[in-house]
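# Fold and contact review
Chain by chain, the residues:
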Amino acid sequence: MGAPAITSELWQRLDAYQLGPDAASFSFAARLARGNRWSEEHAALVITEYKRFCYLAVTAGHEVTPSDAVDQVWHLHLTYSRDYWQTFCPDILRAELHHGPTNGGTAERSRYYDQYAETLASYEAAFDALPPPDIWPDARRRFGVDPKGQRVNPQDVMILDRRLAVLGAFGWIALGIVIAVLIGVLI
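Reference entry: report on the structure contained in this document. Positions within a chain are numbered from 1, following the residues in the order the chain's sequence is written. Only residues with pLDDT of at least 70 get local features here, since the model is predicted, and only at 80 or more are side-chain atom pairs given and counted; chain-wide, interface and lining totals rely on the full set of residues. Water and hydrogen atoms play no part in the side-chain values, which are based on all heavy atoms of the structure.

## Description of the packing of helix H3 (residues 40–59) against helix H6 (residues 106–127)
Axis separation between H3 and H6 bottoms out at 10 Å; the angle between their running directions is 95 degrees. Relative to H6, the element H3 is oriented roughly perpendicular. Here Glu49, Arg52, Tyr55 and Leu56 of H3 come into contact with H6, specifically with Thr119, Ser122, Tyr123, Ala126 and Phe127. Three classes are used: nonpolar for Ala, Val, Leu, Ile, Met, Phe, Trp, Tyr, Cys and Pro, charged for Asp, Glu, Lys and Arg, and polar for all others, with Gly counted as polar. Taken together, the residues of the contact of H3 with H6 break down into five nonpolar, two polar and two charged. An axis is simply a line fitted to the C-alpha atoms; with a helix, the fit covers only the stretch in contact. Between two such axes, the angle follows the N-to-C directions and lies from 0 to 180 degrees. The helix count covers DSSP runs of H or I at least four residues long, the strand count covers runs of E at least two residues long, and both are numbered beginning at the N terminus. An angle counts as roughly parallel when it lies under 35 degrees, as roughly antiparallel when it exceeds 145, as roughly perpendicular when it falls between 65 and 115, and as oblique in every other case. Here, residues are in contact when the closest pair of their heavy atoms is within 4.5 Å.

Okay, structure coming up:
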């Protein structure tokens, strides 16, 4: 996914900006990929979407809400606090960009749903393209499924794809039935 069809100075600064230190052995993208169990290629795409989100935050004229994936980039970027507050905001965005998580409740849920819809509409208008659905899912997934994600250490747990786990469970049940029938036939 390349640069948007806009040529503003803001986008040029964002597009040229590299998150994280240049000389780091463990790059920002690698850290992001590891923390989210993404490939580095996918992390690079999400970083581009984070830059687009930041562009919208400055230009949209309304509050914007990131997708969960974009929010993961933002969270990590905020941990590079000197870079974020001393370089990124003043020199790249030329504006402060604060992270304001929800206070919870029905009113907040409605507000963020509406903001997310406005963000997606502003994205389409600014970049003359639909946001990629694997990074910017619909609001139902963004606010219903994604917040239920949990950070786990794969050294401590086994992570199975839900579909494979269900299929495996049915396989074990079927095997149990076959064995029970065979035992019943042999008795």
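## A word on the pattern of salt bridges
Salt bridges are identified by distance alone: a Lys or Arg side-chain nitrogen within 4 Å of an Asp or Glu carboxyl oxygen. One pass over the structure, following the stated rule, counts two salt bridges. For Arg111, the salt bridge is made with Glu63, and the minimal N-O distance between the two is 3.6 Å. Taken together, the residues Arg111 in helix H6 and Glu63 in the loop between H3 and helix H4 (68–79) connect sequence positions 48 residues apart. The buried label goes to any residue with under 20% of its type's maximum accessible area, the exposed label to any with over 50%, and the partly exposed label to all in between, with areas taken from a 1.4 Å probe on protein chains only. Residue Glu63 is classed as exposed on the basis of its relative accessible area, which comes to 53%.

## Overview of the nonpolar core
Residue types Ala, Val, Leu, Ile, Met, Phe, Trp, Tyr and Cys, when buried and joined through side-chain atoms within 4.5 Å, form a set referred to as a nonpolar core. Formed by 38 residues in total, the largest nonpolar core has its most connected members in Leu14, Tyr50, Phe53, Cys54, Val73, Phe88 and Leu93. Those elements giving two or more residues to this core turn out to be helix H1 (9–16), helix H2 (28–36), H3, H4, helix H5 (81–93), H6 and helix H7 (139–144). The greatest single-element share of this core, amounting to eight residues, is contributed by H3. Once residues within four sequence positions are removed from consideration, Cys54 is found in contact with Leu14, Phe88, Leu93 and Leu97.

## Describing the packing of H3 against H4
Running from N to C, H3 and H4 point in directions that differ by 85 degrees, and their axes come no closer than 9 Å. In terms of axis orientation, H3 runs roughly perpendicular to H4. Contact residues: H3 offers Val46, Ile47, Glu49, Tyr50 and Phe53, while H4 offers Ala69, Val70, Val73, Trp74 and His77. Residues belonging to the contact of H3 with H4 are distributed by class as follows: eight nonpolar, one polar and one charged.

## Points about the environment of Thr87
Tracing the backbone shows Thr87 in helix H5. Apart from the residues lying within four places of it in its own chain, the contact partners of Thr87 are Tyr17, Arg82 and Ile92.

## Structural notes on the packing of aromatic side chains
Any pair of Phe, Tyr and Trp rings, taking the six-membered ring for Trp, is counted once the centres come within 6.5 Å. Such a pair is stacked with planes under 30 degrees apart, edge-to-face with planes over 60 apart, and tilted for the rest. Applying the stated criterion across every chain yields a total of 14 aromatic pairs. Here the aromatic rings of Tyr17 and Phe88 are separated by 5.0 Å at their centres, their planes lie at 45 degrees, and the arrangement is tilted. Separated by 71 residues along the polypeptide, Tyr17 in the loop between H1 and H2 and Phe88 in helix H5 bring together distant segments of the chain. This pair shows no difference in class: Tyr17 is buried, exactly as Phe88 is. Following the ring pairs from residue to residue traces out a cluster consisting of Trp11, Tyr55, Tyr113, Tyr116, Tyr123, Phe127, Trp136 and Phe143.

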